[in-house]
Structure formats: structure tokens, C-alpha cells
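Single-letter residue listing:
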Amino acid sequence: MSFSCPTLLLFCWFYIGLLLCGFCYGGDPFANYELEFSYITASPLGVPQQVIAVNGKFPGPILNVTTNYKVVVNVKNKLDESLLITWPGIEMRRSSWQDGVLGTNCPIPSNWNWTYRFQVKDQIGSYYYVPSTNFQRAAGGFGGFVITNRKVIQLPFDTPDGDMVITIGDWYTRNHSALRASLDAGKELGIPNGVLINGKGPFQYNSSVPDGINHTTLNVDPGKTYRIRVINVGVSTCLNFRIQNHNLLLAEAEGHYTTQQNYSSFDIHVGQSYSFLVTMDQNASSDYYIVASARFVNQSDWQRVTGVAILHYSNSEGNASGPLPDPPNDLYDPSFALNQAMSIRINNTASGARPNPQGSFHYGSINVTDTYVLRSFPPKMIAGKRRASFNGISFENPKTPVRLADKHNVKGVYKLDFPKMPINRTPRVEWSIINATYKGFAEIILQNNDTVVQSFHMDGYSFFVVGMAYGNWTENSRGSYNQWDAISRSTTQVFPGGWTAILVYLDNVGAWNLRTVNLDRWYLGQETYMRIINPEDPGHKTELPVPDNALFCGALGHLQKPQKILSSAGSTIQKQSNSIYLLLMALTAVFYTMI
């Protein structure tokens, strides 16, 4: 078979065009971001201080993607210390390499950059990104991360008229290095200086709030319904969220649709995120207060630690006034908060990220293969330093990340001897982790014998919150478990002097962080890892390979190459496309000289 030159040229155009289309449309779409972390001066509580901005903003920009998108985030570290960014609730299927905590990643040195690459496979919902090292979360560096449904998947509620992300959190006017130094010196952090809503201080609702503080205003139209996503990115304080004279219709918790229930106020613990549907059904005689106030504290000492923003109707006739809406009055009823937590149920009739009911996973009929009881106590002196612990082990991150050590056969980096149950021995500092069973169905009991309410988080997974109560957990406690419609999420509260039980199917290989989200306890060592390896996969095909841009540290530091300026995936694709285009033009010129 022979071709004329013009015909051959046509074929070249066709096949190279297909190649170009492969770059543009092959597989699931890409979402590309450039995030630069740097210091700026801000005054969220009226006092100038150093905060961590993302692309010059505090809080950082909201990342919006759609289910199954491949996400590429080039992080530029312009801080004066190393940095890692973690993505709580994003499951990072088969890729703990992208998790962004010290047990799985070497930190990004100052003035370096590193590109995260992961897919939000079969996920929807409200999440966030945040620094995971050096106590930096207390200085900012956080922002919302929203995963929207594909259009072919119906929402379990009418499409809202608007979508808003609200970050709330306790805040100190001391910078993060000073807070870190306090903990290193064996001191408590003390009462925060305030609560921020979207990075701003309180509206001047009474004379206790000084002049000159900027507050957040949410602008809405009467009669419309908004999806309001609220995320507690704070240091260690549970906050009660409420909007004056408006109901909060709970619709989603960390990527899972809930049965829809109305609340007048709602406790949001550190690291948790929720979606509420809020209808603007009030008259517009004035604006309305949005409040985030501290919970489970001595209110007389914490009065100033209240965040206040403004809900402003487009036809409002005046400023918000009068007292703030009341928080829950449960001083003598400790069951109120627990009952509210257990009222959050998964919506078994709603589709999640796929066109099938997300509640169709009948966890209550699966036999538990392993039980772990993680018990925490108040921090105490261990090896001359004040430390926090699980099961008497205060975790010290290894110098070489766990799976990187595995891949390079580095011995002695960690121990697979984390105790499944609390044991009576002197607490000690270790790099001990859990040797978990691949595709096991684990029961994890979180026993909080500390004096403060804690949040617990598990990277790489969502788990079913099946039980919660005060007192010590026993095997008889299983009789109280919710075996049908418990909420699935990645962060749960554990009340002081109480326990929380979770069930999780361990099918995501890698090394996954288990931690207390309270930043002071986490910094002091209250964490460990689950190492989950498929024993029937010697080639490790069920886990993605080590990324080609992996950073090396610790025993593998000698493998690290000098930093190169990395481009975003989008610019990389454009360069590849430009190269093909130039090649095509060159071929065209050659063929026309042959005609």
C-alpha cells in the first residue's frame, strides 16, 4: 500500500491530533492549582501579628473540584521552616505518599516546592487543607476544599441558590512558634484570644469588643436557600455554631449525606466539617448574628472567646442588635451534646458519588476481625518532657517516612508493636505503629481519660461512628451500637471521661495516620500509624508506586537531588502540547517540500 504525500500528511495530522486530545481529554479531568505559603501581617483580633497566607490570602483560597477529578497542587514553601500540607478526609486511594504528614512524607524545605498529585475518587463533600507540621495550623495556611457531585448524580435536596464555605476556629495572638515554645517548655497554651470566622474577628456586638476589628459578612437574598459549609480549623476548641432566628438543616458530614434534621445550634469539633441548608425566611428589619462560641469550658472565663459574623439580607433595614442567640444550656445535662452527636445519621436513600445508595454497605452484618482500644490520659512527664500518648506510647515521628523506608529496605525506622489494648507500664516515647490486617474489619475504641473533649481523625478512610457514651468502654458496650445507619466520616469527637466506637474496613493500602486533632495533644505525641499491606501482592500493584518527585530525608537523605523549579501540571501539559505542535509544523514543512 502506498500513500501520496498529502494523504500521508493528513494521516499525521489525524494521529497527532488524537495524541493532543489524549492530553486534553484522556481519562478523568485534571484540576491544577498553585499554592504559595508565605507570612503576611494581619490583625484578625485587632493586634498585628504574623499569619500564614496562601497566595497572599488569609484564609487561603477555596479549592473546588468535581468527583473523580485528578488534583494537582504545586505547593511553594516561602516560610522560614519546613512545611507539609495534609488533606483531612480526602481518602488518597492507594497513595499515602500524598497524605502530607511526617510518617508518610519528608517535609518540604524552606524555599522549595513540591507537587501533590491525587484523585478524589468516588468522593463528594466539604473538606479542607491545612499545614501538618511545626504547629503551623495555629497561624493559618488553611482553606476549604469542596468536591461537588457529577451532574449525572442527583442531590438528595433541591439545588441550593448559593454555596458558601465558612471556616471557624479558636485563635491566639501569639504566633505559632511562640505557642510551640510554650508546649516545649511544658506549659499549657491557655485560653485563646478569640474565635475567627473566615479569618476575621467578632462583630462589635457589645462594648467588650474593641473598635477596629474587621468582621465577616455573608450577603444573602430573602427567600433563597443556601448551602453553608462550616469547618472547624481551630487549635483545640469545640465551637457551637448558630445563626440568629434561622434553622440549620443538616445535610452532609465530611462527604456523606445525612438524614435531614433541623437544629437551632450545632457543636462542631476541631477538624469536623458539615453542610447546612439555611433558608432566608426571616423579615429584613435588621441583619442577623452568626455565632461560633466555645463549648465544654468555664463560660465565665471564656466570654471573650466568641466569634461573631453578620448575615446581611439584600433588603435589610438595619444592623444586628441585642444579645447573641443563646448557646445550648446543658451545664447540668451532659447527655445533650452526646445525644446531638448520635442524632447524626447517614442518609441510606441518597446516592453519594456514585449512582447507588451510599448506605448500601451493610457494616452491621460484617464480623469484626480486630479490636483496638486507644486510651488517652492528660499529658504527663515522659523522659523529662511533657508528652501526650495513646496506650502509654507518645509517638515520635521517624526521621525516614514509614513506607519510604519499606521501599528502600531501611531497617529500624519504626516498630510494629503498638499495643492493641492499654497496658499498665510507664509511658514512653516510641515510633511504634499498628500492623493492621489488609481488608480486615476493625473496631477501634477511643477511650478519653483526659480532661478535655478531643477530636480523633483517621487519614485515608471514612469510618462508621457506631457508639458513644460516658464512662469506660467494656465488651457489653457493643449492645448499644448503631448497626444500621451510623454516620460515616473521618473525624469524630470523644468526650472527656467517655468513649467513642468506630468500625472501618481496611482496604486502602499504605501507612495511615491516626491522631488526636487537638493541635496541642497532637504536637505532644498523641498519634500513631496503621501500616496496611496486601500480603498477596508482592509486586505492590494495589498501592501506587513511589512518586517520581518524592523527597528524601533521614536515612535516605543522600538520595535527594537538588531542587528544581517545578511547573504545574497545566503548564507541563501545555509545554508537551507545544512540543507536539512544533513537531507537527516541522513535519508539515518537510512534506510540503516533497510535494
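Residues numbered from 1 in each chain as written. Predicted model: local features only at pLDDT ≥ 70, side-chain atom pairs only at ≥ 80, totals over all residues. Heavy atoms only, no water.

**Notes on the overall build of the protein**
- Of the regular secondary structure elements, the protein holds 6 helices and 33 strands.
- Counting every position in the protein, which comprises 595 residues, the buried fraction comes to 57%.
- A sequence separation of at least 24 residues applies to 79% of the contacts in the protein between residues at least 6 apart.
- As presented, the protein carries roughly 24900 Å² of accessible surface, and 52% of it is formed by carbon and sulfur atoms. (Helix = DSSP H or I, 4+ residues; strand = E, 2+ residues; numbered from the N terminus. Buried < 20%, exposed > 50% of the residue type's maximum accessible area, 1.4 Å probe, protein only. Contact = heavy atoms within 4.5 Å. Areas by Shrake-Rupley, 256 points an atom, 1.4 Å probe, with all protein chains shown as cover.)

**Examining helix α2 (residues 176–184)**
- Residues of α2 that are buried: H176, L179, R180, S182 and L183. Seen along its axis, α2 keeps its buried residues to an arc of 155 degrees; they face one direction.
- Of the surrounding secondary structure, the elements contacted by the buried residues of α2 are β1 (30–42), β2 (49–54) and α5 (519–523).
- Immediately downstream of α2, the backbone of G186 shows phi near 85 degrees, a positive value. (Arc of directions from axis to C-beta.)

**Looking at the nonpolar core**
- Core analysis: the largest hydrophobic core is formed by 125 residues, its most contacted members being W87, Y116, F145, F276 and M530.
- The contacts of F145, once residues within four sequence positions are left out, are L63, V65, V71, W87, I90, F118, V120, G125, S126, Y127 and Y128.
- In this structure, A42, V130, L196 and I231 belong to the second largest nonpolar core, which totals 13 residues. (Core = buried A, V, L, I, M, F, W, Y, C linked by side-chain atoms within 4.5 Å.)

**Some details on helix α3 (residues 335–342)**
- Buried residues of α3: A337, L338, Q340, A341 and M342, and no others.
- Considering only its buried residues, α3 is in contact with β15 (256–263), β16 (266–268), β28 (463–470) and β30 (491–494).

**What about the sheet that holds strand β25 (residues 434–437)?**
- Across the sheet, 5 strands lie side by side as β25-β33-β32-β27-β30; this open sheet has mixed pairing. In this open sheet, the two edge strands, each paired with only one partner strand, are β25 and β30. Going across the sheet, the axis of each strand differs from the next one's by a mean of 25 degrees, ignoring polarity.
- Pairing analysis gives 4 bridges linking β25 to strand β33 (residues 527–533), with the strands arranged parallel. Bridged to I434 within β33 is M530. (Pairing = 2+ DSSP bridges. Axes fitted to C-alpha atoms, helices over the stretch in contact; angles between N-to-C directions.)

**Description of the packing of aromatic side chains**
- All chains considered together, the criterion is met by 25 aromatic pairs.
- With a centroid separation of 6.2 Å and 15 degrees between ring planes, the pair formed by F241 and F276 is classed as stacked. A residue pair is termed long-range when its members are at least 10 positions apart, and F241 in strand β13 (residues 239–243) and F276 in strand β17 (residues 273–279) qualify at 35 residues. With respect to burial, F241 and F276 carry one shared label: buried.
- Summarising the aromatic geometry, the rings of F266 and Y274 are spaced 4.7 Å apart at their centres and angled 70 degrees between planes, so their arrangement reads as edge-to-face. There is no split in this pair, since F266 and Y274 are both buried.
- One aromatic cluster is present, formed by W87, W114, Y116, F118, Y129 and F145 through successive ring pairs. (Phe/Tyr/Trp six-rings, centres within 6.5 Å; stacked < 30°, edge-to-face > 60°.)

**Here we look at the sheet that holds strand β20 (residues 370–376)**
- Overall, mixed pairing links the 5 strands, which are arranged β20-β26-β31-β28-β29 in an open sheet. Looking at which strands have only one partner, the edges of the open sheet turn out to be β20 and β29 (488–489).
- When β20 meets strand β26 (residues 441–448), the two strands line up parallel, connected through 7 bridges. Within the sheet, the bridge partner assigned to Y372 lies in β26 and is I444.

**Observations regarding the pairing of strand β11 (residues 217–220)**
- Covered by surrounding structure in β11 are L218 and V220 only, the residues T217 and N219 on the alternate face being uncovered.
- Relative to strand β19 (residues 306–313), β11 runs parallel, the two being bridged by 4 bridges. Its bridge partner being in β19, N219 is matched across the sheet by H312.

**Observations regarding the pairing of strand β9 (residues 162–171)**
- Burial within β9 is extensive, with 9 of its 10 residues counted as buried.
- Bridging between β9 and strand β12 (residues 225–232) involves 7 bridges; their strand directions are parallel. The residue of β12 that forms the bridge with D163 is R227.
- Pairing geometry for β9 and strand β10 (residues 194–197), over 4 bridges, is antiparallel. By the bridge assignment for β10, I168 is matched with I197.

**Quick look at the pattern of salt bridges**
- For the structure shown, the criterion picks out 22 salt bridges.
- R229 serves as the salt-bridge partner of D163, at 2.9 Å between the closest nitrogen and oxygen. Taken as a pair, D163 in strand β9 and R229 in strand β12 lie far apart in primary sequence, 66 residues in all.
- D163 gets classed as partly exposed once you look at its relative accessible area, which sits at 44%.
- Residue R295 is joined to D330 by a salt bridge in which the shortest nitrogen-to-oxygen separation is 2.9 Å. (Salt bridge = Lys/Arg side-chain N within 4 Å of Asp/Glu carboxyl O.)

**A look at the state of the cysteines**
- Using the criterion set out here, one finds 1 disulfide in the structure.
- In this model, C106 is linked to C553 through a disulfide, with the two sulfur atoms separated by 2.1 Å. The S-S bond linking C106 to C553 shows a torsion near -85 degrees; that makes this disulfide left-handed. Taken as a pair, C106 in the loop between β5 (85–86) and β6 (113–119) and C553 in the loop between β33 and α6 (569–594) lie far apart in primary sequence, 447 residues in all.
- For C106, a relative accessible area of 5% gives the class buried. (Disulfide = S-S within 2.5 Å.)

**Here's the deal with unusual backbone geometry**
- Here the bond from F58 into P59 is cis, since omega is -10 degrees, no more than 30 degrees from zero.
- If you trace the backbone, P59 turns up in the loop between β2 and β3 (63–66).
- Even without being glycine, M92 reaches a positive phi, approximately 50 degrees.
- Turning to its location among the elements, M92 is positioned in the loop between β5 and β6.
- One non-glycine residue with positive phi stands out, namely N391, at about 50 degrees.

These figures come from the coordinates and say nothing about function on their own.
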